Amino acid sequence: MTEKRREIHGRIYKFVLAILNSVKIISKASENIILVKQLVRSAAAIGANALEADGSETKKEFIHRFTISKKEAKETHYWLSLISDHNPSIKAKLSPLLDESRQLVLIISKIIINTKRK
């Protein structure tokens with residue numbers, strides 16, 4: 001695994017841990033519980049699919065797995081946005097996670113584009 005690949009996996013892992021730590025501050029209102037479950041699932045799936053990509057046997061499979069990872073990153077951003085807007089008191093604390101989710105989408109997109117070029 002190249003240094004850049006290790007870097008993206010580490011970054012995703014730290015992001016998911018930050019999500020897991022941040023959901024502790026979200027109120028346990030029934031609507032938040034549903035949103036948090038969706039958030040945790042999609043965030044964890046970013047990393048799971050990225051790891052599966054590295055185990056791919058073909059370029060096509062690699063691109064497919066990272067494409068799923070990108071979709072999960074976009075979904076994670078959606079859930080974070082919804083939680084943030086629904087819970088204005090914690091919006092500032094979630095802002096760095098929203099930014100990181102945007103950056104992960106861009107980085108994963110670049111991985112896909114660069115792989116297609118090869």
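Residues numbered from 1 in each chain as written. Predicted model: local features only at pLDDT ≥ 70, side-chain atom pairs only at ≥ 80, totals over all residues. Heavy atoms only, no water.

A tally of regular secondary structure across the protein gives four helices and zero strands. Put simply, the protein runs from its N terminus to its C terminus through helices and strands in the order α-α-α-α. The burial tally for the protein puts 39% of its 118 residues in the buried class. By sequence separation, contacts in the protein at least 24 residues apart represent 73% of the contacts at least 6 residues apart. Counting only carbon and sulfur atoms, one obtains 59% of the accessible surface of the protein, whose full area is about 7,100 Å². (Helix = DSSP H or I, 4+ residues; strand = E, 2+ residues; numbered from the N terminus. Buried < 20%, exposed > 50% of the residue type's maximum accessible area, 1.4 Å probe, protein only. Contact = heavy atoms within 4.5 Å. Areas by Shrake-Rupley, 256 points an atom, 1.4 Å probe, with all protein chains shown as cover.)

To continue, consider the pattern of salt bridges. Counted according to the given criterion, the structure contains four salt bridges. Arg11 is paired through a salt bridge with Glu100; the nearest N and O atoms lie 2.6 Å apart. Highlighted residues: Arg11 in helix 1 (residues 3-22) and Glu100 in helix 4 (residues 91-117), separated in sequence by 89 residues. Of the residues examined, Arg11 reaches a relative accessible area of 27% and is grouped as partly exposed. Residue class for Glu100 comes out buried when judged on its relative accessible area of 17%. Across the pair Arg102 and Asp99 runs a salt bridge whose closest N-O atoms are separated by 3.6 Å. Within this pair, Arg102 and its partner Asp99 are both found in helix 4, separated by three residues, close to a single helical turn. On the accessibility criterion, Arg102 (44% relative accessible area) is partly exposed. (Salt bridge = Lys/Arg side-chain N within 4 Å of Asp/Glu carboxyl O.)

Bringing the packing of aromatic side chains into the picture now. The full count for this structure, using the stated rule, is two aromatic pairs. Ring centres 5.0 Å apart and planes at 65° place the aromatic pair Tyr78 and Trp79 in the edge-to-face group. The class of Tyr78 is partly exposed, set by a relative accessible area of 47%. Taking relative accessible area as the criterion, Trp79 reaches 14% and is therefore assigned buried. (Phe/Tyr/Trp six-rings, centres within 6.5 Å; stacked < 30°, edge-to-face > 60°.)

A separate point is the nonpolar core. Formed by 29 residues in total, the largest nonpolar core has its most connected members in Ile12, Phe15, Ile19, Leu39, Phe66, Leu80 and Ile83. Every element with two or more residues in this core is listed here: helix 1, helix 2 (30-54), helix 3 (59-86) and helix 4. In contact with Ile83, not counting residues within four places along its chain, are Ile26, Leu35, Val36, Leu39 and Leu94. (Core = buried A, V, L, I, M, F, W, Y, C linked by side-chain atoms within 4.5 Å.)

Turning next to the packing of helix 3 against helix 4. Helix-helix packing is described using two parameters, namely the angle between the two axes and the distance between the axes. Two elements in contact, helix 3 and helix 4, have axes separated by 9 Å at closest approach and are oriented at 160°. For the element pair helix 3 / helix 4, the angle class is roughly antiparallel. At the point where helix 3 passes helix 4, the crossing takes the left-handed sense. When its residues are assigned to classes, the contact of helix 3 with helix 4 shows 13 nonpolar, eight polar and seven charged. (Axes fitted to C-alpha atoms, helices over the stretch in contact; angles between N-to-C directions. Parallel < 35°, antiparallel > 145°, perpendicular 65-115°, else oblique. Left-handed = near helix turned anticlockwise from the far one by under 90°. Nonpolar A, V, L, I, M, F, W, Y, C, P; charged D, E, K, R; others polar.)

Looking now at the environment of Ser101. Within the secondary structure, Ser101 sits in helix 4. What makes Ser101 buried here is its relative accessible area of 1%. When the C-alpha positions of Ser101 and Ala73 are compared, they lie 6.2 Å apart, and in sequence the two are 28 residues distant.

Okay, helix 4 next. Since the α-helix packs 3.6 residues into each turn, any two residues three or four apart lie on the same face. Its 27 residues place the ends of helix 4 39 Å apart at the C-alpha level, agreeing with the 39 Å of an ideal helix rising 1.5 Å per residue. Three or more residues of helix 4 are buried, namely Leu94, Leu97, Leu98, Glu100, Ser101, Leu104, Val105, Ile108, Ser109, Ile112 and Thr115. (Expected span 1.5 Å × (residues − 1).)

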